[in-house]
Amino acid sequence: MNAKRFFTHPAGIATGSVGSTMLWGSAYPTLKRSYEELGIDGTDWFEQFLFAGYRFTLAGLLIFLFMIVVKEPLRYRDGSMGTIVRLGMVQTVLQYVFFYSGMAHSSGVFGAVIAGTISFFSIILAHLTDPADRLTRHKMAGLLLGLLGLLMLALPRGMEEGWSHAFGFGELLLLASAFCAGLGNLISKKAVANLPVTYVNSYQMLFGGLILIALGGSVAGWSPFHWTAAALWLLLYAAVISSAGFVLWNYVMKYNSVGSTASFLFLTPVFGVILSSIFLNETIGIAVIASLTSVSMGIILVNRKLSKKITVEVNQAAAH
């Protein structure tokens, strides 16, 4: 079975979408474990940036390797530098400066739930920038459910420490990361209209990774870590999360409409919460479960029409 036939089959769509969201969800416990293994704490900002730079530089190189295997050209495309720089700065540098710093001050479970807001930021930004992609009643209701989910997440801390501390510094940084991810999605959508998705993402990851290495290394030094076997495996897996997750997701989107796969994205915070609980021994309280449920329902509601569309496409594929 060739790639197109597989990724247009219902089983292929589900395999690619679930596989990529599971990888993205596993990023939260992976990064927390990496910090523990390398002795990176919440005040080691530049060591966090350096580790992020290692991850994305390696991820970009892994996508290059994939491109070589499938015989896609690596050569520079004239006129693409501006796109690569903009996307690299927003989707890799800024997003992950906020993300890595936020994860150092928050839990894997909280980080996973907040990741669900990426879809909401994408929708709001699309409404503001694209006249053809306006907010509907379903989208508005979904956004309100997402906001309610975040309030539920903040509820226990607010009752215990006071409402001024309900949403901490780490959670604010993670929200900033989610905003950058949503903005990056809009930039990426325009970029891949004229350039191959593998080309755009490999070069922007490599560019962003090198910027992060320069930023972190200029203060923390170029080799501040004591690399154990476990730390190296965690770094490799973190790079695979970005590269393999991207390849799987974009293979699905290559042969299907973007809308037909969007409803699968709610699985990312679900996997993140479950895996953080398993591998970090983090407690999933009632507030987290309620928050996760509300955020997930919001994402599903936002994509309600898209979900109906994928059902029609799946039925048509099955009929053939």
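If you're wondering where the values come from, they're calculated on a predicted model, not measured in any experiment.

Undergrad: Quick question: what am I supposed to make of the overall build of the protein here?
TA: Across its full length, the protein holds 15 helices and zero strands. Buried residues in the protein amount to 49% of all 320 residues. For the protein, contacts bridging at least 24 residues in sequence account for 86% of all contacts bridging at least 6. For the protein, the exposed surface amounts to about 15000 Å²; the carbon and sulfur share of it is 68%.

Undergrad: Hey, could you run me through a nonpolar patch on the surface in this one?
TA: A surface patch of nonpolar side chains, about 260 Å² in accessible area, is lined by L65, V69 and V70. Residue L65 is classed as partly exposed on the basis of its relative accessible area, which comes to 49%.

Undergrad: What's the story with the confidence of the model for the protein in this structure? I'm lost.
TA: Detailed reading of the predicted model is not advised wherever pLDDT is low. In the predicted model, the protein carries a mean pLDDT of 79, and 82% of its residues have values of at least 70. When mean pLDDT is compared element by element in the protein, helix α4 (residues 45-69) scores highest at 93, while helix α15 (residues 304-319) scores lowest at 45. Per-residue pLDDT stays below 50 along residues 306-320; that stretch engages in 13 contacts with residues further than four places along the chain or on separate chains.

Undergrad: Just checking my understanding: could you explain the packing of aromatic side chains for this structure?
TA: Enumeration over the complete set of coordinates arrives at ten aromatic pairs. Judged by centre distance (4.9 Å) and plane angle (85°), the rings of F6 and F7 are edge-to-face. The class of F6 is partly exposed, set by a relative accessible area of 30%. We classify F7 as buried; its relative accessible area is 10%. Judged by centre distance (4.7 Å) and plane angle (45°), the ring pair of Y199 and Y203 falls under tilted. On the criterion of helical spacing, the pair formed by Y199 and Y203 is a turn pair, its members being four residues apart in helix α10 (residues 197-220). Chaining the aromatic ring pairs together yields one cluster made of Y28, F56, Y96 and F99. The ring of Y199 has R77 lying over it, and the distance from NZ or CZ to the ring centre is 5.3 Å.

Undergrad: I tried to follow the packing of helix α3 (residues 27-38) against α4 on my own but got confused; where do I start?
TA: Helix-helix packing is described using two parameters, namely the angle between the two axes and the distance between the axes. Put simply, α3 and α4 touch, their axes get as near as 12 Å, and they point 120° apart. Taken as axis vectors, α3 and α4 run oblique relative to one another. As α3 runs across α4, the sense of the crossing is right-handed. Contact residues: α3 offers L31, S34, Y35 and L38, while α4 offers Q48, F51 and R55. Looking at the contact of α3 with α4 residue by residue, the classes come out as four nonpolar, two polar and one charged.

Undergrad: Would you explain the side chain of T198 in this entry?
TA: Relative to the elements of secondary structure, T198 occurs in helix α10. In this structure the side chain of T198 is engaged in a polar contact, spanning 2.4 Å, whose partner is the side chain of E72.

Undergrad: It is not clear to me how the environment of G111 should be interpreted in this structure. Could you clarify?
TA: Within the secondary structure layout, G111 lies in helix α6 (residues 108-115). Residues G111 and E171, 60 residues apart in the sequence, show an inter-C-alpha distance of 7.3 Å. If sequence neighbours within four positions are ignored, G111 has contacts with Y28, M103, S106 and L174.

Undergrad: Even after reading the chapter, I still don't get the packing of helix α2 (residues 10-25) against α3, so can you show me in this structure?
TA: Running from N to C, α2 and α3 point in directions that differ by 30°, and their axes come no closer than 5 Å. With respect to α3, the axis of α2 lies roughly parallel. Listed contacts from α3 to L23, W24 and G25 of α2 are A27, Y28 and P29. When grouped by side-chain class, the residues that make up the contact of α2 with α3 number five nonpolar, one polar and no charged.

Undergrad: What is the right way to look at the pattern of salt bridges in this model?
TA: Side-chain pairs of opposite charge can arise where the charged atoms are in close proximity. Counted according to the given criterion, the structure contains one salt bridge. In this structure, R33 engages E36 in a salt bridge whose closest nitrogen and oxygen atoms are separated by 3.1 Å. Within this pair, R33 and its partner E36 are both found in helix α3, separated by three residues, close to a single helical turn. Using a relative accessible area of 34% as the deciding quantity, one classes R33 as partly exposed.

Undergrad: It is not clear to me how the nonpolar core should be interpreted in this structure. Could you clarify?
TA: Note that soluble globular proteins tend to have their nonpolar side chains buried in a common cluster. Counting 44 residues, the largest nonpolar core has F51, F99, Y100, Y199 and L212 as its most contacted members. Elements supplying a minimum of two residues to this core: α3, α4, α5 (81-104), α6, α9 (169-191), α10 and α11 (229-255). Among the elements that take part in this core, α5 stands out by supplying ten residues, more than any other. Excluding anything up to four places from it in sequence, F99 contacts Y28, L31, L174 and S177. Counting eight residues, the second largest nonpolar core, distinct from the first, contains I13, L267, F271 and L275.

How each quantity is defined
- Residues numbered from 1 in each chain as written.
- Predicted model: local features only at pLDDT ≥ 70, side-chain atom pairs only at ≥ 80, totals over all residues.
- Heavy atoms only, no water.
- Helix = DSSP H or I, 4+ residues; strand = E, 2+ residues; numbered from the N terminus.
- Buried < 20%, exposed > 50% of the residue type's maximum accessible area, 1.4 Å probe, protein only.
- Contact = heavy atoms within 4.5 Å.
- Areas by Shrake-Rupley, 256 points an atom, 1.4 Å probe, with all protein chains shown as cover.
- Patch = residues over 30% accessible without salt bridge, like charges linked within 9 Å, V, L, I, M, F, W, Y side chains within 5 Å.
- Salt bridge = Lys/Arg side-chain N within 4 Å of Asp/Glu carboxyl O.
- pLDDT = per-residue confidence, 0-100.
- Phe/Tyr/Trp six-rings, centres within 6.5 Å; stacked < 30°, edge-to-face > 60°.
- Lys NZ or Arg CZ within 6 Å of the ring centre and 35° of its normal.
- Axes fitted to C-alpha atoms, helices over the stretch in contact; angles between N-to-C directions.
- Parallel < 35°, antiparallel > 145°, perpendicular 65-115°, else oblique.
- Left-handed = near helix turned anticlockwise from the far one by under 90°.
- Nonpolar A, V, L, I, M, F, W, Y, C, P; charged D, E, K, R; others polar.
- Polar contact = N/O pair within 3.5 Å; in protein donor to acceptor, adjacent residues only side chain to side chain.
- Core = buried A, V, L, I, M, F, W, Y, C linked by side-chain atoms within 4.5 Å.

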